[in-house]
Amino acid sequence: MTIQLESIPNIDQLYDRAFHIVKEQKNKGAKTFGLATGGTMLPLYERIRKSSLDFSNCISVNLDEYVGLPKEHSQSYISFMKKQLFNTNPFKVSYLPNGEAENPEEEAVRYENVLKSIDLDFQILGVGENGHIGFNEPGTSFTSETHVVTLTASTRKANARFFNSIDEVPTQAITMGIGTIMRAHQILLIAVGEKKRTALQALINGDISEEIPVTALNKHDHVIVLTNLEL
Ligand code: GLP
């Protein structure tokens, strides 16, 4: 078992711990940070915003971006990151896939090449209800690189809460592949709430199945899992 599991039932304490881990990575010399979006990340980014943590000599890369959503749209992941983190705690450079690229497939290749030129020290991850990481839906190869995905109905439904209606949720995204994510030297996965139990349980049971993307992490040697669930 390579996963370091920390069950912290108190949500404030859980996010204090998550913040501590990020700070520790920075203090140990991490220069490149892989960032995630989603509701799970909000209390962590809030803690970073309120801190004096300075990322101005660091690089950030984001996991994914919706295809076809204007950058200025409040739910584009670039808007999310600016609002939640970059406007107050800027990095030297921040990379995200360009969801407005004319050719999303070419953009995925370009983004993968950016990622290949970077040694990713630390990746923060959330997990979808169906076990997706980034936007790698069930069935994605564990060796996949950055690619264009068609979002499953369940993922679009889960993310509809951020839009006026499910029809507004984009149908495609560009995401780091699972193989891309696995290149990070250290990974922190945060999973909060009962909806994440099934996926998390599979990970903790030691399953390794492409049908549950998060279980790829059982093949990684440096993963910390923070959850409020008792498993
Ligand atoms: C989204 C993102 C993932 C995120 C996951 C969980 O679709 N692409 O990076 O981890 O779904 O989201 P939430 O934290 O809102 O539950």
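The coordinates are above.
Residues numbered from 1 in each chain as written. Predicted model: local features only at pLDDT ≥ 70, side-chain atom pairs only at ≥ 80, totals over all residues. Heavy atoms only, no water.

**Student:** I'm lost on the environment of Leu-69 in this one. Help?
**Tutor:** Counting through the fold element by element, Leu-69 comes out in the loop between β4 (64-66) and α3 (77-86). Note: C-alpha distance between Leu-69 and Ile-212 (143 residues apart in sequence) is 27 Å. When near neighbours in sequence (up to four residues on either side) are disregarded, Leu-69 contacts Gln-75, Ser-76, Glu-100, Phe-163 and Pro-170. (Helix = DSSP H or I, 4+ residues; strand = E, 2+ residues; numbered from the N terminus. Contact = heavy atoms within 4.5 Å.)

**Student:** Whenever I open this one, the side chain of Lys-196 confuses me. Can you help?
**Tutor:** As for its placement among the helices and strands, Lys-196 is situated in the loop between β9 (186-191) and α7 (197-204). With no salt bridge to any partner, buried Lys-196 finds its closest opposite charge in Glu-129, at an N-O distance of 6.5 Å. Reaching out from Lys-196, the side chain makes a polar contact with the backbone oxygen of Val-127 at a distance of 3.0 Å. Excluding its chain neighbours within four sequence positions, the residues that come into contact with Lys-196 are Thr-40, Val-127, Gly-128, Glu-129, Ala-191 and Leu-229. (Buried < 20%, exposed > 50% of the residue type's maximum accessible area, 1.4 Å probe, protein only. Lys, Arg positive; Asp, Glu negative; His and termini not counted. Salt bridge = Lys/Arg side-chain N within 4 Å of Asp/Glu carboxyl O. Polar contact = N/O pair within 3.5 Å; in protein donor to acceptor, adjacent residues only side chain to side chain.)

**Student:** Help me understand the site of the ligand in this model?
**Tutor:** Contacts to the ligand come from 15 residues, most closely from Gly-39, Thr-40, Asp-64, Arg-161 and Lys-196. In the environment of the ligand, an oxygen atom lies 2.8 Å from a nitrogen or oxygen atom belonging to the backbone of Gly-39. At a separation of 3.4 Å, an oxygen atom of the ligand approaches a polar backbone atom of Val-127. Across the complex, the protein chains shield 95% of the 390 Å² of accessible surface that the ligand would expose by itself. Put simply, the ligand lies in the largest pocket. Its residues assigned to classes, the shell around the ligand comprises four nonpolar, eight polar and three charged. (Near = heavy atom within 4 Å. Areas by Shrake-Rupley, 256 points an atom, 1.4 Å probe, with all protein chains shown as cover. 1 Å grid on protein atoms, 1.4 Å probe; cavity = no way out; pocket = protein on both sides within 12 Å on 5 of 7 lines; lining within 4 Å. Sits in = over half its atoms within 2 Å of the grid points. Nonpolar A, V, L, I, M, F, W, Y, C, P; charged D, E, K, R; others polar.)

**Student:** I keep staring at the pattern of salt bridges and nothing clicks. Help me out?
**Tutor:** If you walk through the whole model with that rule in mind, you get 10 salt bridges. Here Lys-50 and Glu-46 are joined by a salt bridge, their closest N and O atoms 2.9 Å apart. Note that Lys-50 and Glu-46 are positioned in helix α2 (residues 42-50) at a spacing of four residues, about one turn of the helix. On the accessibility criterion, Glu-46 (32% relative accessible area) is partly exposed. Note that Glu-145 and Arg-183 form a salt bridge whose closest N and O atoms lie 3.8 Å from each other. Here Arg-183 lies in the loop between α6 (178-182) and β9 and Glu-145 lies in the loop between β6 (122-125) and β7 (147-150), a separation of 38 residues in the sequence. Under the relative-accessibility criterion, Arg-183 is labelled partly exposed at 35%. Salt bridges linked by common partners bring Glu-112, Lys-116, Glu-145 and Arg-183 together as one network.

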